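# Summary of structural features
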Amino acid sequence: MHPEPLTLVRVSDECTELIKECKIIRIECFRFDCELSDKLQPGHGTDCHCGILTISTNLGTCGLGQFVIPCGNLKGDFVQWASVFQKLKGLPLQDGLQYVHQKQEAWGEVRSHLMATALTNLSEKLENLSTASEQELSYLSNRTYLFEHSGAYISF
């Protein structure tokens, strides 16, 4: 079991205002094709789905979370699996973390942990904006590659 998502966010005095202003404006999920899955998760096999979840904010900061889902745990298709994240769009960062905590039982461990990881990553980037900018530029420059190597994609 993972700690409560709210305990993962360390709020410093200088970061408090940024976190209050931060709102989720876009959520994207990429399920990778076999080529990219092999590159990022060597030996993953055909019995699981690999991918990445990104959360973009009104401040230009982006949080990331990677996932590996055993095929047996994916009930329905990938879009249905990821559609639960739609309710987070428009929420402030702290409200998003609280929502994930509330939905943990309904979503299951994989989805809850994935979203909590992405939100925590986002919070850490807000605390250190110079590092976040470098990582975001690297991610954005690879968007075309991500689209070319995704078997499924959903955006809210």
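Up top you'll find the structure we're talking about.
Residues numbered from 1 in each chain as written. Predicted model: local features only at pLDDT ≥ 70, side-chain atom pairs only at ≥ 80, totals over all residues. Heavy atoms only, no water.

## Concerning the pattern of salt bridges
Oppositely charged side chains can pair when the atoms bearing their charge come close. Spelled out, the test is: Whenever Lys or Arg places a side-chain nitrogen within 4 Å of a carboxyl oxygen from Asp or Glu, that contact is recorded as a salt bridge. Relative accessibility thresholds used throughout: buried, under 20% of the residue-type maximum; exposed, over 50%; partly exposed, between the two (1.4 Å probe, protein chains only). In DSSP terms, a helix is any run of H or I states spanning at least four residues, a strand is any run of E spanning at least two, and both are numbered starting from the N terminus.
A complete count under the given rule lists two salt bridges for this structure. Two residues, Arg26 and Glu28, come together in a salt bridge whose shortest N-O distance is 3.4 Å. Classification of Arg26 as partly exposed rests on a relative accessible area of 32%. Looking at Glu28, the relative accessible area reads 1%, which means it is buried. The shortest N-O distance in the salt bridge between Glu28 and Arg143 comes to 2.7 Å. Of this pair, Glu28 sits in strand β1 (residues 24-32) while Arg143 sits in helix α7 (residues 143-148), and the two are 115 residues apart along the sequence. Considered together, Glu28 and Arg143 belong to a single accessibility category, that of buried residues. Look at the salt bridges and you will find they share partners, linking Arg26, Glu28 and Arg143 into a network.

## Concerning the side chain of His149
Put simply, the rule is: When checking whether two residues touch, look at their non-hydrogen atoms; a contact exists if any pair is within 4.5 Å.
As for its position among the elements, His149 is in the loop between α7 and β4 (150-155). His149 sits in the buried class, given a relative accessible area of 10%. With residues up to four places along the chain from it excluded, the contact list for His149 reads Arg31, Phe32, Asp33, Glu35 and Leu36.

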